[in-house]
Amino acid sequence: MKQEADLLVSNCRQLLTLQNPSVSTRRGRLLGDLGLVQDGMIAAYHGRIVAAGPESKVTEQISFTPGGITVDAGHSVVMPGFVDCHTHTVFANYRLDEYEWRIAGRPYAEIAKAGGGIAKSVSDVRGMSEKTLLAVSRKRLNGCISNGSTTIEIKSGYGLDLENELKQLRVIRELDRLSPVTIVPTFCGAHSVPPEYAQDREAYIDLVVNEMIPVVAKEGLAEYVDVFCETGVFTVPEAERILRAAVELGLKARLHADELSDVGAADLAVRLTAISADHLTKISPSTVVRLADSSVIAVLLPGTSFGLPSLQFAPAREMVNKGVAIAIASDFNPGSSPSESMSMMIAIACSHMRLSPAEAIAAATYNAAFVVGREREVGSLEVGKRADFLILDCEDYREIPYRFGINPVRQVFVGGRLWSREDA
Ligand SMILES: [Zn+2]
């Protein structure tokens, strides 16, 4: 029997299906397999993919509903929407002064002393009404979508008290309600110790564990919990205490790990069977091997090194060669990575981490979907998944990193519908 379809996308010069026979993260040599189909076609019905493959084959498989929509991709690249699995999109203001200070070489400690750093974003969020925070965040979310992200994880972590963490999480929930894209909420109350607890960090951790996490879990405001485990932020035992408390209440664990120093945070992720360990700029070679033997996904954030600016990048090439499951995300935030462009992240990952364009694309779509627990919904163009896809202004997918600094996305489809700015 033929499959009914109400959306047909034809004339895809390169269709990147990312199809995979088994539902598991892509590792090693498999990472670079994009499931590329020349002259491909996608068919969808009620927002779900019913066929994706060579045009001749798809045409045979489907019966087109009268009144359905046909789209001519114009002989260009068509691929799954990006899954941006690590962002801090809900913030109040950019931190432009700080950017100039960093370029001029002022050390972070001095910038923090001058009122910059995470503490600046915390005071900005605390001082902004929920309504205004939602309005500025919607504008930024539109930027993410127009750059091709159709699934976006967003963390709290600029409130750092019960009231303002909940405010951020409610804004994230509202963004999900207002926008057709998929938003995945993460509680990151342990992003930093707020200034008022500088002399009593234990009391802040008690607040996170005993008050914030129970409320967040009870109100269903987050699916994940994330802790910034780093020298001068939260220690490994502190992170472990917070994550275990959250996991007990049904949240899934993630970590900002080994970014500025190798404190053993990635090993903690392995020990806790966390979903991901993110950053990993300073990970040791022996930890890479342990990560490869685990289910933990290494989320690499090339925009952060680029934006700091730093010449140190996570050892992505070594990770892939050793069999670590990697994903790429933007870390969109007002400090180190104020960019919502996943194609730019792919470009930096290719130039500075020596990933191939195909590997970087798979890490930014297929593998990233596992990080946010949406691997059966998004990340590839396979039968049954959401029809979230991009039509690019490119004839070859390698143009994504090669022509860095441009937005290659011509059209964004979310759940089978053409997205426009007015939707979000
Ligand atoms: Zn982050």
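Residues numbered from 1 in each chain as written. Predicted model: local features only at pLDDT ≥ 70, side-chain atom pairs only at ≥ 80, totals over all residues. Heavy atoms only, no water.

Asker: Explain the overall build of the protein chain here, please?
Answerer: If you tally the helices and strands in the protein chain, you get 16 helices and 15 strands. The globule rule puts the C-alpha radius of gyration for 424 residues at 22 Å, and the 21 Å found for the protein chain is close to it. With the C-alpha coordinates of the protein chain rotated into their principal frame, the extents come out at 70 × 45 × 45 Å. In the protein chain, the proportion of contacts linking residues at least 24 apart, taken out of those at least 6 apart, comes to 73%. Accessible area of the protein chain: about 16,600 Å², with a carbon and sulfur share of 52%. (Helix = DSSP H or I, 4+ residues; strand = E, 2+ residues; numbered from the N terminus. Rg over C-alpha atoms; globule rule 2.2 N^0.38 Å. Contact = heavy atoms within 4.5 Å. Areas by Shrake-Rupley, 256 points an atom, 1.4 Å probe, with all protein chains shown as cover.)

Asker: Can you walk me through the layout of surface pockets in this structure?
Answerer: If a probe as big as a water molecule is rolled over the atoms, it shows which places are left empty. Computed from the structure, the largest pocket encloses a volume of approximately 960 Å³. Lining the largest pocket are 42 residues, with Tyr-108, Gly-117, Ile-118, Phe-228 and Leu-260 sitting closest to its centre. Counting only elements with at least two residues in the lining of the largest pocket, the list comes to helix H2 (96–103), helix H3 (108–113) and helix H4 (118–126). For the lining of the largest pocket, the leading source of residues is H3, giving five residues. Class assignment of the residues belonging to the lining of the largest pocket gives a composition of 20 nonpolar, 14 polar and eight charged. A volume near 270 Å³ is recorded for the second largest pocket. Its residues assigned to classes, the lining of the second largest pocket comprises nine nonpolar, six polar and two charged. (1 Å grid on protein atoms, 1.4 Å probe; cavity = no way out; pocket = protein on both sides within 12 Å on 5 of 7 lines; lining within 4 Å. Points joined across faces, edges and corners; volume = space filled by probe spheres on them. Nonpolar A, V, L, I, M, F, W, Y, C, P; charged D, E, K, R; others polar.)

Asker: Sorry, what's going on with the sheet that holds strand E11 (residues 297–300) here?
Answerer: As a general point, the strands of a sheet are linked pairwise by backbone hydrogen bonds and lie either parallel or antiparallel. In space, the eight strands of this open sheet follow the order E5-E6-E7-E8-E9-E10-E11-E12, with parallel pairing throughout. Two strands in the sheet have a free side with no partner beyond their single neighbour: strand E5 (82–84) and strand E12 (326–328). Each strand of the sheet is rotated relative to its neighbour by a mean of 25°, with strand direction disregarded. Note that strand E6 (residues 149–155) and strand E7 (residues 182–190) share five bridges and pair parallel. Across the sheet, the residue bridging to Lys-155 is Thr-186, located in E7. Strands E6 and E7 of the sheet are contacted by helix H6 (residues 162–178), whose axis makes an angle of about 175° with E7. Across the face of the sheet, helix H8 (residues 236–248) comes into contact with E7, strand E8 (224–229) and strand E9 (252–257) while running at roughly 175° to E8. (Pairing = 2+ DSSP bridges. Axes fitted to C-alpha atoms, helices over the stretch in contact; angles between N-to-C directions.)

Asker: It is not clear to me how empty space enclosed by the protein should be interpreted in this structure. Could you clarify?
Answerer: Following the criterion strictly, the structure yields one cavity of 30 Å³ or more and no others. Considering only enclosed or pocket space, the largest cavity measures out at about 30 Å³ in volume. Surrounding the largest cavity, Pro-80, Gly-81, Thr-150, Val-378, Gly-379, Ser-380, Arg-386 and Asp-388 form its lining.

Asker: Even after reading the chapter, I still don't get the coordination of the zinc ion, so can you show me in this structure?
Answerer: Each donor-metal-donor angle would ideally measure 109.5 degrees in four-coordinate tetrahedral geometry, or 90 or 180 degrees in six-coordinate octahedral geometry. With distances of 2.1 to 2.4 Å, the protein atoms coordinating the zinc ion are His-86 (NE2), His-88 (NE2), His-256 (NE2) and Asp-331 (OD). Along the chain, the residues that donate to the zinc ion are spaced as H-x1-H-x167-H-x74-D. Of this pair, His-86 sits in the loop between E5 and H2 while Asp-331 sits in the loop between E12 and helix H13 (342–353), placing them 245 residues apart in sequence. Across the pair, Asp-331 and His-86 agree in class, each one buried. (Donors = N, O, S within 2.8 Å, 3.2 Å for Na, K, Ca; no water. Buried < 20%, exposed > 50% of the residue type's maximum accessible area, 1.4 Å probe, protein only.)

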